[in-house]
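Residue strings, one per chain:
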Amino acid sequence: QVQLVESGGGLVQAGGSLRLSCAASGRTFSSYAMGWFRQVPGKEREFVAAINWSGGSTDYADSVKGRFAISRDNAKNTVYLQMNSVKPEDTAVYYCAAKYGSMTRTVRYGYWGQGTQVTVSS
């Protein structure tokens, strides 16, 4: 099994920055593609960003392209989401996810963290 724990969420002003972290344990971390998703109450969980096993390939939702950056440190079993120039519409619970093999924009990831709240004030 793979266990994922997100951290770094909180309250941030519009235009500011925040960095989320996801610490993984269990099965070999470097074998998994990783993703970040977010969800607002009453809405479906949506894709934010993904990164392949080596960190050499990344993918971003259009809504965050140019503002967010996903990265990973396999030696530390950790994936990050750097959030810059945040907007009120970025407010959501952010979830870390792991999937064996290739990265994807779908929610078909095998493992999920508990989520961390990000609130952007105007």
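Residues numbered from 1 in each chain as written. Predicted model: local features only at pLDDT ≥ 70, side-chain atom pairs only at ≥ 80, totals over all residues. Heavy atoms only, no water.

1. A short note on the environment of Val 2
Here is step 1: Note on placement: Val 2 falls in strand β1 (residues 2–7).
Here is step 2: By relative accessible area, Val 2 is classed as buried at 11%.
Here is step 3: In this structure, the C-alpha to C-alpha distance between Val 2 and Ser 25, residues 23 residues apart in sequence, is 5.7 Å.
Here is step 4: The residues touching Val 2, leaving out its near neighbours within four places in the chain, are Ser 25, Arg 27, Tyr 32, Ala 98 and Tyr 111. (Helix = DSSP H or I, 4+ residues; strand = E, 2+ residues; numbered from the N terminus. Buried < 20%, exposed > 50% of the residue type's maximum accessible area, 1.4 Å probe, protein only. Contact = heavy atoms within 4.5 Å.)

2. Focus: the state of the cysteines
As used in these notes, a disulfide is a covalent bond between sulfur atoms, one from each of two cysteines.
Here is step 1: Applying the stated rule across the entire model yields 1 disulfide.
Here is step 2: Residue Cys 22 pairs covalently with Cys 96 via a disulfide, S to S 2.1 Å. As the torsion about the S-S bond is roughly -80°, the Cys 22-Cys 96 disulfide counts as left-handed. One end of the pair, Cys 22, is in strand β3 (residues 18–26); the other, Cys 96, is in strand β9 (residues 92–100), with 74 residues separating them in the sequence.
Here is step 3: The exposure class assigned to Cys 22 is buried, which follows from its relative accessible area of 0%.
Here is step 4: Note on Cys 96: relative accessible area 0%, which makes it buried. (Disulfide = S-S within 2.5 Å.)

3. Overview of the pairing of strand β8 (residues 78–83)
Here is step 1: Counting buried residues in β8 gives 5 out of 6 residues, a clear majority hidden from the surface.
Here is step 2: One ladder, built from 6 bridges, connects β3 with β8; its direction is antiparallel. Residue pairing across strands places Ser 21 opposite Tyr 80, the latter belonging to β8.
Here is step 3: One ladder, built from 6 bridges, connects strand β7 (residues 68–73) with β8; its direction is antiparallel. Its bridge partner being in β8, Ala 69 is matched across the sheet by Gln 82.
Here is step 4: The loop that links β7 with its antiparallel partner β8 comprises 4 residues; one of these, Asn 77, has a positive phi angle of about 55°. (Pairing = 2+ DSSP bridges.)

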